[in-house]
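As a plain string of letters, each chain reads:
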Amino acid sequence: MADTTFLSWPFFDDHHRELAARLEGWCAATLPVDHTDVDAACRDLVRRLGDDGWLSHTAADADGRLDVRTLCLIRETLARHDGLADFAFAMQGLGAGAITLFGTGAQRAWLDETRAGRAIAAFALSEPRSGSDVAGIETTATRTPDGWRLDGEKTWISNGGIADLHVVFARTGEAPGARGLSAFVVPDDVEGLEVVERLETMAPHPLARLRFDGVVVPADALIGDAGGGFRIAMSVLDVFRSSVGAAALGFARRALEESVTRAGDRVLFGAPLSDLQMVQGHLADMALSVDAAALLVYRAAWTKDSGAARVTREAAMAKLFATDEAQKVIDAAVQLHGGDGVRVGSVVEHLYREIRALRIYEGASDVQKVVIARQVLAGG
């Protein structure tokens, strides 16, 4: 059983602790799911998460509140049980994040569908020549008499190929670089939107390269103001970047849990593995990494929930540290499991494949260092 003593920290309120207990029961009864058909598994997970109310937390409520601590708790718990369940939950929030934070009343009607699990969302930001460098986006959105025409490509799009709606970032040209981007709501059934390629990764998730060839959307598909796309994208990442750290934390907790069990059950030289001081040292390092990551993740979430307009520094620190340390914790878990650790299908082998992408998406680790350094130099 994973350690839950962190829930007594002052970052949390009683409703967070109650939610964590309910979700733990749901996960124990529901997860993991069969990953043989990843697309079908994701659709099923979105439906289940929606039916049972968990996706209601992926978008702001009627009063405009989006509880980031709840997002992080849910992601951590889901990731500890099944990485694909975490993916399905997270992409509903990230995919519709721009609508949650900046959408019009009409656009927010989509949130009823995403929170209920009836529609799958995608966040279409990255491009073949523009990943962490958002200002380098080349997809264009040109004004037409009735709206906008989108042309270009997006890649590494989570839920690509199964999404019902996409929030697409494109260059509208109000100014050079980051100041000339805008965001649009694009349904999956528009003419000219093509899934060019499905992308296979070491931890299979629905990912795709998308082409927008003369995709026409109405004027009211624009989210916020023309030229405000960079601010929208950064605001969404500001909220959801902490939750990436939470998912990594869930993976790390599971790796530590599996390692403690292994150390107690495995006999080496006539005694449990846990009797070896070197093994004890590894477990201590893993536990330290987990607790330190949790402090950074939930500090960032608490800071945002406490009313901070931006948590760029805190979220970048949480994402960087939690994902990098989780990689180390899981690597140590594989080592402690010996041959069983690299056996396909084992828990720690699965974690080993799952964690790697988290150090890349939503801003690679090196990019997070740049973000943190700039905040420090600016006195923020």
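Just so we're clear, the structure is a prediction, and the values are computed from it rather than from any experiment.

Some words on the overall build of the protein chain
1) Next: A tally of helices and strands in the protein chain yields 11 helices and 10 strands.
2) Next: What you see for the protein chain is a C-alpha radius of gyration of 21 Å, in line with the 21 Å of a compact globule of 380 residues.
3) Next: The buried share of the protein chain, taken over its 380 residues, is 53%.
4) Next: As displayed, the protein chain offers around 16200 Å² of accessible surface, 53% of which is attributable to carbon and sulfur atoms.

Remarks on the state of the cysteines
1) Next: The full count for this structure, using the stated rule, is 0 disulfides.
2) Next: In this structure C42 is not part of a disulfide, and its nearest cysteine sulfur, from C27, lies 15 Å away.
3) Next: Looking at C42, the relative accessible area reads 1%, which means it is buried.
4) Next: Of all cysteine sulfurs, the one in C27 lies closest to C72, which takes part in no disulfide; the gap is 15 Å.

Section: the packing of helix α7 (residues 229–265) against helix α9 (residues 312–337)
1) Next: For the pair α7 and α9, interaxial distance at closest approach is 8 Å and the crossing angle is 20°. Here α7 is positioned roughly parallel relative to α9, judged by the angle of their axes. Our pair here, α7 against α9, has a crossing hand that is left-handed.

Considerations on the side chain of E325
1) Next: Examined against the element boundaries, E325 turns out to sit in helix α9.
2) Next: According to the relative accessible area criterion, E325 is buried, its value standing at 13%.
3) Next: In terms of polar contacts, E325 uses its side chain to reach the side chain of S289, at 2.7 Å.
4) Next: For E325, the side chain forms a polar contact with the side chain of K328, separated by 2.9 Å.

Digging into the nonpolar core
1) Next: If you look at the biggest cluster of nonpolar residues, it comprises 119 residues, and the most contacted ones within it are L78, L150, F169, V186 and Y298.
2) Next: Apart from residues lying up to four places away in sequence, L150 is in contact with T140, A141, V168, V186, F212, D213, G214, V215 and V217.

Thoughts on helix α11 (residues 365–377)
1) Next: Between its terminal C-alpha atoms α11 stretches 18 Å, which fits the 18 Å expected from 13 residues at 1.5 Å a residue.
2) Next: All of the buried residues along α11 are S365, Q368, V371 and I372. Down the axis of α11, the buried side of the element spans an arc of 110°, and every buried residue falls inside it. Among the exposed residues of α11, those oriented more than 90 degrees off its buried face are D366, R374 and L377.

Here we look at the pattern of salt bridges
Any two side chains of opposite charge can pair, given that their charged atoms come close.
1) Next: Scanning the entire structure with this criterion turns up 26 salt bridges.
2) Next: Note that D13 is salt-bridged to R69, the shortest N-O span being 3.7 Å. Of this pair, D13 sits in the segment before α1 (14–30) while R69 sits in helix α3 (residues 68–81), and the two are 56 residues apart along the sequence.
3) Next: A relative accessible area of 9% means that R69 is categorised as buried.
4) Next: Close ionic contact of D44 with R48 constitutes a salt bridge, the shortest N to O distance being 2.9 Å. With a gap of 4 residues between them, D44 and R48 both fall in helix α2 (residues 38–51), about one helical turn apart.

A word on the pairing of strand β2 (residues 140–144)
1) Next: Pairing analysis gives 5 bridges linking β2 to strand β3 (residues 147–158), with the strands arranged antiparallel. Each residue of the ladder has a partner; that of R143, found in β3, is W148.
2) Next: Hairpin connection of β2 to β3: 2 residues between the antiparallel strands.

Some remarks on the side chain of K154
1) Next: Assignment of secondary structure puts K154 in strand β3.
2) Next: Aside from chain neighbours lying at most four places away, what touches K154 is A124, L125, S126, E127, I137, T139, V168, F169, A208, R209, L210 and F212.

Comments concerning the pairing of strand β7 (residues 207–218)
1) Next: Both β3 and β7 contribute to a ladder of 10 bridges, which runs antiparallel. Bridging across to β7, K154 finds its partner in L210.
2) Next: Where strand β6 (residues 193–198) lies against β7, 5 bridges are found, and the strand directions are antiparallel. By the bridge assignment, E194 is partnered in β7 with R211.

Looking at α2
1) Next: Taking 1.5 Å of rise per residue, the 14 residues of α2 would be expected to cover 20 Å, and the 20 Å separating its terminal C-alpha atoms lies within 8% of that figure.
2) Next: Residues of α2 that are buried sit in contact with α1, α3, α4 (83–95), α6 (109–116) and β6.
3) Next: Two or three places before D39, at the opening of α2, D37 has a side-chain oxygen 3.3 Å from that residue's backbone nitrogen.
4) Next: A positive phi of about 90° marks G53, the residue just after α2.

Procedures and definitions
- Residues numbered from 1 in each chain as written.
- Predicted model: local features only at pLDDT ≥ 70, side-chain atom pairs only at ≥ 80, totals over all residues.
- Heavy atoms only, no water.
- Helix = DSSP H or I, 4+ residues; strand = E, 2+ residues; numbered from the N terminus.
- Rg over C-alpha atoms; globule rule 2.2 N^0.38 Å.
- Buried < 20%, exposed > 50% of the residue type's maximum accessible area, 1.4 Å probe, protein only.
- Areas by Shrake-Rupley, 256 points an atom, 1.4 Å probe, with all protein chains shown as cover.
- Disulfide = S-S within 2.5 Å.
- Axes fitted to C-alpha atoms, helices over the stretch in contact; angles between N-to-C directions.
- Parallel < 35°, antiparallel > 145°, perpendicular 65-115°, else oblique.
- Left-handed = near helix turned anticlockwise from the far one by under 90°.
- Polar contact = N/O pair within 3.5 Å; in protein donor to acceptor, adjacent residues only side chain to side chain.
- Core = buried A, V, L, I, M, F, W, Y, C linked by side-chain atoms within 4.5 Å.
- Contact = heavy atoms within 4.5 Å.
- Expected span 1.5 Å × (residues − 1).
- Arc of directions from axis to C-beta.
- Salt bridge = Lys/Arg side-chain N within 4 Å of Asp/Glu carboxyl O.
- Pairing = 2+ DSSP bridges.

Worth remembering: the numbers are spatial, not functional.
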